Protein chains: 2
Amino acid sequence: MAIDEVLADLKQKIDEKLPKGTTISSVEFEGPQLVMYTENPWSFADNGNIVRNLAKTLRTRIVVRPDPKVLVPPEESVNKIVETVPVDSAIANYHFDPDVGEVIIEAEKPGLVIGKHGETLREITKKIGWTPKVVRAPPISSRTVKNIREFMKTNHKERKEILKTVGRKIHRECTSKDQWVRVTSLGGCKEVGRSCFLLSTPESCVMIDCGVNVGSEEHMTPYLYVPEVSPFSKLDAVVITHAHLDHQGLLPLLYRYGFEGPVYCTPPTRDLMALLQLDYIDVASKEGGRPPYSSADVREVLKHSIVLDYEEVTDIAPDIKLTFHNAGHILGSAISHFHIGDGLHNVVFTGDFKYEKTRLFDPAVNKFPRVESVVMESTYGGVNALQPSLQDAEGHMQQVIKNTLQNKGIVLIPAFAVGRSQEVMIVLEDAIRKGLIDNVPVYLDGMIWEATAIHATYPEYLNNDLRKLIFQKGENPFLSECFRPVDSNELRQEIISKREPCVILATSGMMNAGPVMEYFKAFAEDERNTLVFVGYQADGTLGRRIQKGWKEIPLKTGKGTEMIHMNMNVEIIDGFSGHSDRRQLMEYIRKMKPRPERVFTEHGDERSCIDLATSIHKKNKMETRALTNLETIRLV
Amino acid sequence: MAIDEVLADLKQKIDEKLPKGTTISSVEFEGPQLVMYTENPWSFADNGNIVRNLAKTLRTRIVVRPDPKVLVPPEESVNKIVETVPVDSAIANYHFDPDVGEVIIEAEKPGLVIGKHGETLREITKKIGWTPKVVRAPPISSRTVKNIREFMKTNHKERKEILKTVGRKIHRECTSKDQWVRVTSLGGCKEVGRSCFLLSTPESCVMIDCGVNVGSEEHMTPYLYVPEVSPFSKLDAVVITHAHLDHQGLLPLLYRYGFEGPVYCTPPTRDLMALLQLDYIDVASKEGGRPPYSSADVREVLKHSIVLDYEEVTDIAPDIKLTFHNAGHILGSAISHFHIGDGLHNVVFTGDFKYEKTRLFDPAVNKFPRVESVVMESTYGGVNALQPSLQDAEGHMQQVIKNTLQNKGIVLIPAFAVGRSQEVMIVLEDAIRKGLIDNVPVYLDGMIWEATAIHATYPEYLNNDLRKLIFQKGENPFLSECFRPVDSNELRQEIISKREPCVILATSGMMNAGPVMEYFKAFAEDERNTLVFVGYQADGTLGRRIQKGWKEIPLKTGKGTEMIHMNMNVEIIDGFSGHSDRRQLMEYIRKMKPRPERVFTEHGDERSCIDLATSIHKKNKMETRALTNLETIRLV
Ligand SMILES: [Zn+2]
Ligand SMILES: [Zn+2]
Ligand SMILES: [Zn+2]
Ligand SMILES: [Zn+2]
Ligand SMILES: [Zn+2]
């Protein structure tokens, strides 16, 4: 059946099912959704069940848009909205998008605009015709989020075309008689970095992650030149599990070399991705290298991005449905569940995950409607890779900071911008608030503050406790006044010259670049200070050398090589990892519902991947295997 | 380095190494060979070491051709040849090919034309300039061989261009920094039929076999639509292990859909392939089906074929060397050894093989300079798949035939044209000559006689004993007068109506078509007759049904469906298989030199492939695995 016939057919089915008085003028695919245009949007707004039931019957995601005819002009609409919502909603901004018939209302208290069970929203719809969407006016302003929202507005026409094309491709007819499901490993197997998989069937072909190994020249990029993925134009979609560079750093490259399809990720992943991609380009240029893509390619990623919240079942190809679930690793990180064919097979790609509740996130999800195969990370899969509990790690950190501050010393913590920094911030805020450590300033240098602002934009992606704290108690720990973003070189120099007791979180996390180096040079020779490692230090990095006990450290400066005499204390605090430790990895599979048939390990050094595969096989009597790059395995 | 520079460089190196008085005017690649043109061919002819040493130094196959300037005109040349060779050489034909400066001399006694250590040949070269090549005037004339030789002559110009293109492609520069070797299974794994593998490196991509499963509609063709092999134009080469349709039946399809590269096989495989492909088209048309390719595509295969004898190490891609070794399965069947990179990896594809000396062939070779991985057939890999010895099988057959003839019955043996028929023929000839069975006519119907003629054309591919018998004792068992080809329908009807005691070998081997059906209809109801099965009968074939004991057999005739009452005796004689039995498969690996690291099983039903992999793992402590279609494994 040609796609236009499919649409006509759908419209007829919908017409038959609509209650009296509700009508639709047309239907169209837009990305994974089916869009219905109506001249009586209020009747849909009044009865949420209409759309819910239609979606169930047609087994697809449905959205209703007002027919342009019924839209009240913007100025008049603003007045009507103000009339309708409570005064203390604190609306900061309106944006009318006639293409989709939406008005985006940015408010400090979105709940008031929405009303009980969406009552207020429905009232607004009745009065103005437009569909109101409420977004939170972020408590900390993120440059990234702002830029992305503006970029999306500016490019909405092109985006609409892209979504239409994607939508029609997703709903094309299946033609093959064969039935098979294959997974090809293009990177990240028996190694960490450059994660990249291909999931393919006779009908479709989806890439999962497209990472870069920033630490290796030889093994920097996934094997993107093999025939399975070339040309990129044949890919139906790319799915990104989370924003870390080892999972998405080369995504813009795909668009640079001919990919024109959609990329699926959660909303926070989209924003963090853009931030980290632009930083990657920036760092590469500064180090005199040639970044493999430009900011124009990053913008292409945004244009083609389709964001999905956790638990939204979504068609991404004629025979593939994708559902994201919380992974507990970083903001927006997603366990990716693929349902293939009509019940043919279910495979879960865990991406990176933490199977334990942390300060920021709930534990990774391991309950699914169905699952036969699992492809899982193995960072701490080695038989001895146990980590201290988070509680122990926190206690350890409090003790170290307390001692240093008592000695009038400075605490320097190298940290990645995304993930561990925010976890450590919450721990510090808690300890300061409770008086467990002195109330000193906590400086945040590098991209940490910007990344934190993105966290603050998406509180619904944080765990239950934190969400309650923010929404119900109105206490947002990220807004604590102990945090001081270092937003200028002057401030940085002032901190350095004052040398007053404080805590500094600065990037990069492995001390191979970034502002952390400035602080290190200034504070390394004073034995009252402490350098605190909270993350893994890879071989070859300065962080690793210091952990090994180097005392004389040559550092390049503007004037040549300077020798740093390492006198400050060094503390390694394990347990803050965003990855599951050995025990959690095993438990994740043991407690998975339903029980999977096969488990494939990846994302870990060779030993860890093999150890984990062996142990899961022995404990759970499941078929397991440590994947190798460039292999293709057959799931069905 | 561009290819012209490579050639210039080679010419200079050759010039430096040539002895005084020998010169070359130019060099060019032609298929896997380097061709040197010289104005003094006699000096090369005089000293075979020149070329041998050059080939060693340059590590490539070298051929010398006379510069056209020095060629004596054909008529004059014929006179000079006649002057030079002994009278009883019995020269049957001459063909001068000015393109390659060769004269092909067809003689009944090629040895006499060649002379001791090639003395006579060298003398001819000196007198006429042309390079003489001696081919045997075949003792039984094969239509196939004759047609192919003529076709090659007619198309020599186009072929020369093809070979030049292939040659330059083989010797292109390697550019990748990555090192890996992958094998993708496209068919023939955990099944028999449609064997097809892909061997790929960052530089090149070679297909091994391209079979058709004639017994299955659903699983007829290998997975040729997957991205690893599309478009076919990217394949560097196809290697065919042997002529059975399950290994080469879809080769012409590749040429039909864009493949333009070479196909490597042994000379008998090329000829048998053409015979079987044309027959496949013929059968498919007769059954009212649409054959997937035409005779024009078969001709393309011939044009692009490059034949290699056993033990010739040959460059087939910039980083792949191929060597064929005897496989003992059918005429020209080859164990295919691939040497990849500069010592990077060695993988052996066994194709079908028999690890036991048979009437026709020596046992399969399992000694190699190096071997790390083996991909092996598993037809009889099941734990209980032991076969009687060949000696027992022969005894059984003699007994069955003797008894039937004594009862004045007729012996009907359904047989495949290629392989078992010739084995059975030798057994029958031996038994008749020794008086063990009556001297009755042995009728050969279907393609058996033509296939036998091809066997007779290539005695150097038969085993030592048979070669000695033919060359030294002058006794060619295929020429025995007991054999009577059935070359007309009249003769067939005569045999049927006379009903005199005799032995009939007729195709097809599983009784689903072919002349065997005529005889069966005529002889099935007479209890004096015997139907003798010497080969495997697949599920769903008439042969299998008869083995199961069916007594009333409905057969389609011109006039509708006729019911055959099955009264003739049925005998199943195991042990004539061209495949190694379970014990031989195990021994083949156990005695392989050097000891391989990994063994992959294929070409057998699922149980057989898994059983064999498990047993080899346990016995030899090797890594083993039963391959699955559509998987890609990594060897390096
Ligand atoms: Zn991560
Ligand atoms: Zn990762
Ligand atoms: Zn065979
Ligand atoms: Zn076979
Ligand atoms: Zn084992």
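Residues numbered from 1 in each chain as written. Chains lettered and ligands numbered in written order. Predicted model: local features only at pLDDT ≥ 70, side-chain atom pairs only at ≥ 80, totals over all residues. Heavy atoms only, no water.

An unreviewed UniProt entry lists chain A under the name Transcription termination factor FttA, from Methanomethylovorans hollandica. Looking at the Sequence similarities (unreviewed entry) heading of the UniProt record, one finds this comment for chain A: "Belongs to the metallo-beta-lactamase superfamily. RNA-metabolizing metallo-beta-lactamase-like family. FttA subfamily." (UniProt positions renumbered as here; feature names shortened; annotations may be inferred.)

Enquirer: Quick one: what's the story with the coordination of the zinc ion (ligand 4), residue by residue and with numbers?
Expert: All names here are of chain B. With distances of 2.1 to 2.2 Å, the protein atoms coordinating the zinc ion (ligand 4) are D246 (OD), H247 (NE2), D352 (OD) and H603 (NE2). Coordination at the zinc ion (ligand 4) is irregular, judged from the 4 donor atoms that bind it and the angles of 89 to 160 degrees they form at the metal. Considered as a linear motif, the donors of the zinc ion (ligand 4) on their single chain read D-H-x104-D-x250-H. Separating the zinc ion (ligand 4) from the zinc ion (ligand 3) is a distance of 3.4 Å, and D352 supplies a donor atom to each of them. Looking at H247, the relative accessible area reads 1%, which means it is buried. (Donors = N, O, S within 2.8 Å, 3.2 Å for Na, K, Ca; no water. Tetrahedral: all angles 85-135°; square planar, octahedral: opposite > 155°, others 65-115°. Buried < 20%, exposed > 50% of the residue type's maximum accessible area, 1.4 Å probe, protein only.)

Enquirer: Help me get a handle on the sheet that holds strand β15 (residues 334–340) of chain A, residues and values and all.
Expert: Residues and elements named next belong to chain A. One open sheet holds the 7 strands; their spatial order is β13-β14-β15-β16-β17-β26-β27, and the pairing between them is mixed. Since the sheet does not close on itself, it has two edges, and those belong to β13 (314–317) and β27 (623–626), each with one partner. In this sheet, neighbouring strand axes are inclined to one another by 25 degrees on average, regardless of whether the strands run parallel or antiparallel. Running at roughly 175 degrees to β27, helix α21 (residues 606–620) makes contact with β17 (373–377), β26 (598–602) and β27 of the sheet. (Pairing = 2+ DSSP bridges. Helix = DSSP H or I, 4+ residues; strand = E, 2+ residues; numbered from the N terminus. Axes fitted to C-alpha atoms, helices over the stretch in contact; angles between N-to-C directions. Contact = heavy atoms within 4.5 Å.)

Enquirer: Lay out the coordination of the zinc ion (ligand 1) with the relevant residues and their values.
Expert: Residue and element names in this part refer to chain A. The zinc ion (ligand 1) binds to the protein through H242 (NE2), H244 (ND1), H329 (NE2) and D352 (OD), with metal-donor distances spanning 2.1 to 2.3 Å. Its 4 donor atoms give the zinc ion (ligand 1) angles of 90 to 166 degrees at the centre, a pattern that matches the irregular case. When the donors of the zinc ion (ligand 1) are listed by position in the chain, the intervening gaps give H-x1-H-x84-H-x22-D. Distance-wise, the zinc ion (ligand 2) is placed 3.4 Å from the zinc ion (ligand 1), both being coordinated by D352. Here H329 is found in the loop between β14 (320–326) and β15, whereas its partner D352 is found in the loop between β16 (345–349) and β17, with 23 residues between them in sequence. Comparing H329 with D352 shows no difference in burial state: the two are buried.

Enquirer: Provide a residue-level description of the relation of the copies chain B and chain A, including the pertinent values.
Expert: Here chain B sits on chain A after a turn of 180 degrees about the axis and a move of 0.0 Å along it, with an RMSD of 0.1 Å. This pairing of chains is accounted for by a two-fold axis. Of every C-alpha in chain B, the one belonging to B:T632 sits nearest the axis of rotation, 2.2 Å from it. Interface overlap between copies is the fraction of interface residues in one copy that are interface residues in the other; for chain B against chain A it reaches 95%, indicating a shared surface. (Least-squares fit on C-alpha atoms with pLDDT ≥ 70 in both.)

Enquirer: Talk me through the UniProt feature "binding site: Zn(2+) 1" (unreviewed entry) in chain A; I want residue IDs and the actual numbers.
Expert: Residues and elements named next belong to chain A. Within the UniProt annotation, "binding site: Zn(2+) 1" (unreviewed entry) is assigned to H242, H244, H329 and D352. In terms of the greatest pairwise C-alpha distance, the residues named above, spread along 111 residues, form a tight cluster of at most 10.1 Å across. The residue H244 is located in the loop between β10 (237–239) and α9 (245–248) in this model. Residue H244 is classed as buried on the basis of its relative accessible area of 18%. Under the relative-accessibility criterion, H329 is labelled buried at 2%.

Enquirer: Can you break down the interface of chain B and chain A residue by residue, with the values?
Expert: Opposite the 19 residues of chain B that make contact, chain A presents 18 residues. Among the ionic pairs, B:R182 bridges to A:E228, the shortest N-O distance being 2.6 Å. Counting across the chain B and chain A interface gives 11 residue pairs in polar contact (both at pLDDT 80 or more). For the side of chain B that touches chain A, the secondary structure elements donating two or more residues are β7 (182–187) and β28 (632–634) of chain B. Ranked by residues supplied to the side of chain B that touches chain A, first place goes to β28(B) with 3 residues. For the side of chain B that touches chain A, the per-class residue count stands at 8 nonpolar, 4 polar and 7 charged. (Salt bridge = Lys/Arg side-chain N within 4 Å of Asp/Glu carboxyl O. Polar contact = N/O pair within 3.5 Å; in protein donor to acceptor, adjacent residues only side chain to side chain. Nonpolar A, V, L, I, M, F, W, Y, C, P; charged D, E, K, R; others polar.)

Enquirer: For the packing of helix α20 (residues 582–590) of chain B against helix α21 (residues 606–620) of chain B, give the residues involved together with the corresponding values.
Expert: Residue and element names in this part refer to chain B. Remark: α20 packs on α21, axes separated minimally by 11 Å, with the N-to-C direction vectors making an angle of 45 degrees. Our classification of the angle between α20 and α21 gives oblique. Remark: the crossing between α20 and α21 carries right-handed chirality. Contacts between α20 and α21 involve R582, L585, M586, I589 and R590 from the former and D611, L612, S615, I616, K619 and N620 from the latter. (Parallel < 35°, antiparallel > 145°, perpendicular 65-115°, else oblique. Left-handed = near helix turned anticlockwise from the far one by under 90°.)

Enquirer: Please provide a residue-by-residue account of the pairing of β15(A), values included.
Expert: All names here are of chain A. With 7 of 7 residues buried, β15 lies mostly within the body of the structure. The alternating pattern of β15 places A334, S336, F338 and I340 and I335, H337 and H339 on opposite faces, both of which are buried. Both β14 and β15 contribute to a ladder of 7 bridges, which runs antiparallel. The residue bridging L322 from the neighbouring strand is F338, located in β15. As defined by bridge partners, β15 adjoins β16 across 5 bridges and the pair is classed as antiparallel. Residue pairing in the sheet places S336 in a bridge with F349 of β16.

Enquirer: So what about the UniProt feature "binding site: Zn(2+) 2" (unreviewed entry) in chain A? Which residues, and what values?
Expert: All names here are of chain A. According to UniProt, the feature "binding site: Zn(2+) 2" (unreviewed entry) maps to D246, H247, D352 and H603 in the numbering used here. Separation in sequence by 358 residues is not matched in space for these annotated residues, since their most distant C-alpha atoms are only 10.2 Å apart. Along the chain, D246 turns up in helix α9. Non-local contacts of D246, meaning those with residues more than four positions away in its chain, are made with V192, G193, R194, S195, G211, V212, D352 and H603. Position of H247 among the secondary structure elements: in helix α9. Leaving out residues up to four positions away in the same chain, H247 has contacts with S195, D209, C210, G211, I240, T241, H242, D352 and H603. Polar contacts involving the side chain of H247 include one to the side chain of D209, which spans 2.8 Å.

Enquirer: Could you give me a rundown of the domain arrangement of chain A, with the residues and numbers involved?
Expert: Residues and elements named next belong to chain A. We note that the domain assignment places domain 1 (71–137), domain 2 (180–384 + 579–634) and domain 3 (390–572) within chain A. The distance between the C-alpha centroids of domain 2 and domain 3 comes to 29 Å. Interface area, domain 2 with domain 3, both sides summed: about 2,300 Å², of which 62% is carbon and sulfur. Summed over the shared surface of domain 2 and domain 3, the number is 3 salt bridges. (Domains from an automatic or database assignment. Buried area = accessible area lost by both parts, 1.4 Å probe.)

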